[in-house]
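# Tertiary structure, described
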Amino acid sequence: MSTRIPTSEVLRDLLLGAPAENVSVRWLMDSLEERSFGIVMLLLGLLALVPGVSGIIGVLVAIPAVQMILARKAPAFPRFISRRQVPTQRLARLIGRVEPVLRRLERVIRPRWITPIQATKRAVGAILLLLGGLLLVPIPFSNVASALIIVLLAFAYLEDDGVLLSVALLAATVALAMAAAIVWGTIKGIDFIDPKTP
């Protein structure tokens, strides 16, 4: 079995083969190959932590989630997104900021309990789709738990860390169960309201 290359090194090598002026979203997805789903999850999870945009992210999360359920090799976005150009220098600055953080995390998050990516892709995609639905709930700070779980899933997926993946899936199950209980309690509460009561 070949040694898995850390994500920080993958991103560093990505810059070596990048076009001089601009790179497209499609080029990024093609270059990252099996890591592309993890990178997309990580970006969406981090963006979901930003107040006011979690609803939009909840909708966008459905795109990679459905494609993971369908076992696609890499996420495919609508043409107007995939053709979007990003200056290579801006990408280099972003990777330069993220790489040191990733290197520190990779000391703890590493390949353990390795499960083939294809075997977990559908399950992770289904959980991701449900977490995206929770991001649409208009309750203050309700996005934080879902966003953090998506970030955990992303790191586990990027580094083949089955231990972290198990923790993230357990956290997702608890979060989804709590959300279901709240919804069920709300529905039952409405049933007890007497419409004839003044």
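Residues numbered from 1 in each chain as written. Predicted model: local features only at pLDDT ≥ 70, side-chain atom pairs only at ≥ 80, totals over all residues. Heavy atoms only, no water.

## A closer look at the nonpolar core
- Core analysis: the biggest nonpolar cluster contains 46 residues, and Met-41 and Leu-131 have the highest contact counts within it.
- Within the residue set of this core, elements represented by two or more residues are α1 (7-16), α2 (25-32), α3 (36-48), α4 (54-69), α6 (88-105), α7 (117-135), α8 (142-159) and α9 (162-191).
- Here the element with the most residues in this core is α8; it accounts for 10 residues.
- Setting aside its immediate chain neighbours within four residues, Leu-131 contacts Ser-146, Ile-149, Ile-150, Leu-153, Ala-172 and Leu-176. (Core = buried A, V, L, I, M, F, W, Y, C linked by side-chain atoms within 4.5 Å. Buried < 20%, exposed > 50% of the residue type's maximum accessible area, 1.4 Å probe, protein only. Helix = DSSP H or I, 4+ residues; strand = E, 2+ residues; numbered from the N terminus. Contact = heavy atoms within 4.5 Å.)

## As for the packing of α1 against α6
- Interhelical geometry of α1 versus α6 gives an angle of 160° and a closest axis separation of 9 Å. When the interaxial angle is binned, α1 and α6 end up roughly antiparallel. Seen from above, α1 lies across α6 with left-handed handedness. Side by side, α1 and α6 meet where Thr-7, Ser-8, Leu-11, Arg-12, Leu-14 and Leu-15 of the first sit next to Leu-91, Ala-92, Ile-95, Glu-99, Leu-102 and Arg-103 of the second.
- Its residues assigned to classes, the contact of α1 with α6 shows 7 nonpolar, 2 polar and 3 charged. (Axes fitted to C-alpha atoms, helices over the stretch in contact; angles between N-to-C directions. Parallel < 35°, antiparallel > 145°, perpendicular 65-115°, else oblique. Left-handed = near helix turned anticlockwise from the far one by under 90°. Nonpolar A, V, L, I, M, F, W, Y, C, P; charged D, E, K, R; others polar.)

## Observations regarding the confidence of the model for the protein
- Considering every residue of the protein, the mean pLDDT works out to 81; 90% of them sit at 70 or more.
- Ranking the helices and strands of the protein by mean pLDDT puts α4 first, with 88, and helix α5 (residues 79-82) last, with 79. (pLDDT = per-residue confidence, 0-100.)

## As for a nonpolar patch on the surface
- A surface patch of nonpolar side chains, about 460 Å² in accessible area, is lined by Leu-46, Leu-49, Phe-141, Val-144 and Leu-148.
- Structurally, the position occupied by Leu-46 is in helix α3. (Patch = residues over 30% accessible without salt bridge, like charges linked within 9 Å, V, L, I, M, F, W, Y side chains within 5 Å. Areas by Shrake-Rupley, 256 points an atom, 1.4 Å probe, with all protein chains shown as cover. Salt bridge = Lys/Arg side-chain N within 4 Å of Asp/Glu carboxyl O.)

## So, the packing of α3 against α4
- The geometry of α3 relative to α4 is characterised by a closest axis approach of 9 Å and an angle of 165° between their N-to-C directions. If you check the angle between α3 and α4, you find them roughly antiparallel. As for the relative orientation of α3 and α4, their crossing is left-handed in sense. Facing Phe-37, Val-40, Met-41, Leu-44, Leu-47 and Ala-48 of α3, the residues of α4 in contact are Ser-54, Ile-57, Leu-60, Val-61, Pro-64, Gln-67 and Met-68.
- Tallied by class, residues from the contact of α3 with α4 come to 11 nonpolar, 2 polar and no charged.

## Some remarks on the side chain of Ser-36
- Note on placement: Ser-36 falls in helix α3.
- Aside from chain neighbours lying at most four places away, what touches Ser-36 is Met-29, Lys-73, Ala-74 and Pro-75.

## Points about the environment of Val-10
- Position of Val-10 among the secondary structure elements: in helix α1.
- You can call Val-10 buried: its relative accessible area is 18%.
- For the pair Val-10 and Leu-32, spaced 22 residues apart in the sequence, the C-alpha separation amounts to 7.7 Å.
- Excluding residues within four positions of it along the chain, Val-10 makes contact with Ile-5, Leu-32 and Arg-35.

## Examining the environment of Arg-103
- Residue placement: Arg-103 occurs in helix α6.
- Remark: the alpha-carbon pair of Arg-103 and Ser-8, spanning 95 residues in sequence, is separated by 6.1 Å.
- The residues touching Arg-103, leaving out its near neighbours within four places in the chain, are Ser-8 and Arg-12.

## Things to note about the pattern of salt bridges
- Applying the stated criterion across every chain yields a total of 4 salt bridges.
- A salt bridge links Asp-161 to Arg-112, with the nearest nitrogen and oxygen atoms 2.5 Å apart. Of this pair, Asp-161 sits in the loop between α8 and α9 while Arg-112 sits in the loop between α6 and α7, and the two are 49 residues apart along the sequence.
- Members of the salt-bridge network, linked through shared partners, are Arg-12, Glu-99 and Arg-103.

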